[in-house]
Amino acid sequence: MYEVILYYKFTSIEDPETFCEEHKQFCKDLGIKGRIYINEEGINGTVGGTPEQVSKYKEGLTSIPGFDGIDFKTDTSEYVPFPKLKCKTRDELVSIHKDEVDPEDGGNYLEPHEWKEVLENEDDYVLIDVRNDYESKIGHFEGAITPGVENFYDFPEWLDQVEEEISKDKKVLMYCTGGIRCEKFSVLMKEKGWDDVNQLHGGILRYAKEEGGEHYKGKCFVFDDRLVVPVNEDNLEPIARCEITGKPADTYINCANMECNKLFVCSEEGARMMEGCCSEECRQSEYKRPFDPENAFRPFRKWYNYFDEDFKERQLEEEK
């Protein structure tokens, strides 16, 4: 069994490029895989490996001055759900496309047990899912507003559109997968006049571990090869439907047509019917990845795992 950790830390990094190079080598030496983003604000990552590798990684990271106290969300997996290690610098740890959004000015933290108490004992609040539409589609807290946005950087515009519809006298509860998006979005809500802004500390993943996922419907989308993980073990019924058959489903696949690659909810039956494609047009494409019925939900890989340079050259020609 392997471990997967999700974490972030807002802390000043004077030389992100050098820090990134050294951190990448540290990860390579340990043999862990995953995605790690670094900039002057801090670090945001999700990595996997053996329990020993993950333990050494956490010990090494938290021993760096300024990186103590990281809230690691830990899960187990039968395999390492990352094809390789990607460690690089980014302009933003989480892409909101707005300057000077300081998490220090964000909302109050609610620990998982406090969050549950509010859901069970209060009713004068507004609950907001601060994730993309394809995430909330397969799982969300009961009664949550699920904005139909495709990217996190669309949230500021969404907030402008609904500002008059959400009373500024109401308690605001917001949540995301691991907490980092709420760190930024809560700042925007406070800047616009909401005072009682609260965020689920550690996000859905920590809530699932500590409170069993009660009041959460469906599953949680994750950005690794697993794509979805259970939250409430007592209620695993899908809340979404297969886009091919219309039957309940909560598994995602990427369209097997490499020129489409659409991420969509698909059941095993639907995947077999369409050979992993989202439409008949895609199923007839000459650039359809080979379909293996026994591994219908195996994560897709880059184009060069399936096609030669002619495919890439054709893409480049079409983009001119």
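Attention here is on the structure that accompanies the text. Since this is a predicted model, take the numbers as computed values, not measurements.

What counts and what doesn't
Residues numbered from 1 in each chain as written. Predicted model: local features only at pLDDT ≥ 70, side-chain atom pairs only at ≥ 80, totals over all residues. Heavy atoms only, no water. Helix = DSSP H or I, 4+ residues; strand = E, 2+ residues; numbered from the N terminus. Rg over C-alpha atoms; globule rule 2.2 N^0.38 Å. Buried < 20%, exposed > 50% of the residue type's maximum accessible area, 1.4 Å probe, protein only. Contact = heavy atoms within 4.5 Å. Areas by Shrake-Rupley, 256 points an atom, 1.4 Å probe, with all protein chains shown as cover. Pairing = 2+ DSSP bridges. Axes fitted to C-alpha atoms, helices over the stretch in contact; angles between N-to-C directions. Salt bridge = Lys/Arg side-chain N within 4 Å of Asp/Glu carboxyl O. Patch = residues over 30% accessible without salt bridge, like charges linked within 9 Å, V, L, I, M, F, W, Y side chains within 5 Å. Lys, Arg positive; Asp, Glu negative; His and termini not counted. Charge placed at Lys NZ, Arg CZ, Asp CG, Glu CD. Expected span 1.5 Å × (residues − 1). Phe/Tyr/Trp six-rings, centres within 6.5 Å; stacked < 30°, edge-to-face > 60°. Polar contact = N/O pair within 3.5 Å; in protein donor to acceptor, adjacent residues only side chain to side chain.

1. Some words on the overall build of the protein
Assigned secondary structure in the protein consists of 10 helices and 16 strands. Against the globule reference of 20 Å for 320 residues, the protein gives a C-alpha radius of gyration of 21 Å, in line with a compact fold. For the C-alpha atoms alone, the extent of the protein along its principal axes is close to 55 × 45 × 45 Å. Burial status across the protein gives 48% buried among its 320 residues. In the protein, once contacts between residues fewer than 6 apart in sequence are set aside, the share between residues at least 24 apart is 66%. Here the protein displays about 16,200 Å² of accessible surface, and carbon together with sulfur accounts for 42% of that area.

2. Focus: the sheet that holds strand β12 (residues 228–230)
Spatially, three strands are ordered β8-β11-β12 in an open sheet, and the strand pairing comes out antiparallel. Both edges of this open sheet fall to β8 (139–141) and β12, since each of them pairs with a single strand only. Averaged over all pairs of adjacent strands, the angle between their axes in this sheet comes to 45°, without regard to strand direction. Relative to β12, strand β11 (residues 216–221) is paired through three bridges, and the arrangement is antiparallel. From the neighbouring strand, C220 faces β12, where its bridge partner is V229.

3. Concerning the pairing of strand β10 (residues 197–200)
With burial as the criterion, each face of β10 is covered, one bearing V197 and Q199 and the other bearing N198 and L200. Inspection of the sheet shows strand β9 (residues 171–175) paired to β10 by three bridges, in the parallel sense. Each residue of the ladder has a partner; that of M174, found in β10, is Q199.

4. A short note on the pattern of salt bridges
Going through the model one piece at a time under the given rule, you end up with 25 salt bridges. Ionic pairing is found between E41 and K184, a salt bridge with its closest N-O pair at 2.7 Å. Taken together, the residues E41 in the loop between β2 (33–39) and β3 (42–49) and K184 in helix α6 (residues 180–191) connect sequence positions 143 residues apart. With relative accessibility at 23%, the residue E41 sits in the partly exposed group. One network of salt bridges, in which partners are shared, links D71, K73, E111, R206 and E210.

5. Looking at a negative patch on the surface
Side chains of E14, D15, E17, E21 and E22 sit close together on the surface and give a patch of like negative charge. Position of E21 among the secondary structure elements: in helix α1 (residues 16–30). E21 sits in the exposed class, given a relative accessible area of 58%.

6. Some details on α6
When the terminal C-alpha atoms of α6 are compared, their 18 Å separation across 12 residues agrees well with the 16 Å that a helix rising 1.5 Å per residue should span. Among the 12 residues in α6, 10 count as buried, and that is most of the element. Taken as a whole, α6 has its buried residues at I180, R181, C182, E183, K184, F185, S186, V187, L188 and M189. Once α6 finishes, G193 follows within two positions and takes phi at roughly 115°, a positive value.

7. Describing the packing of aromatic side chains
Summed over the entire model, instances satisfying the criterion amount to 18 aromatic pairs. Considering the side-chain rings of F19 and F67, the 5.4 Å spacing of their centres and the 15° angle between planes classify their relative orientation as stacked. Highlighted residues: F19 in helix α1 and F67 in the loop between α2 (51–62) and β4 (73–77), separated in sequence by 48 residues. Taking the relative accessible area as the measure of exposure, F19 reaches 14% and is therefore buried.

8. Notes on the sheet that holds β9
The four strands are arranged β6-β10-β9-β7 in an open sheet whose pairing can be described as parallel. Unpaired on one side and paired on the other, β6 (108–110) and β7 (125–129) mark the two borders of the sheet. For this sheet the average axis-to-axis angle between neighbouring strands, irrespective of direction, equals 30°. As paired elements, β7 and β9 share five bridges and run parallel to each other. Paired with I128 across the two strands is M174, which belongs to β9.

9. Things to note about the environment of K190
Examined against the element boundaries, K190 turns out to sit in helix α6. You can call K190 partly exposed: its relative accessible area is 35%. For the pair K190 and L227, spaced 37 residues apart in sequence, the C-alpha separation works out to 32 Å. Leave out the neighbours within four places in its chain, and K190 touches D105, G106, G107 and V197. In this structure the side chain of K190 is engaged in a polar contact, spanning 3.2 Å, whose partner is the backbone oxygen of G106.

10. Some details on the environment of C27
Among the structural elements, C27 can be located in helix α1. Not counting the four nearest positions on each side in its chain, C27 is found in contact with I32, I36, Y57 and L85.

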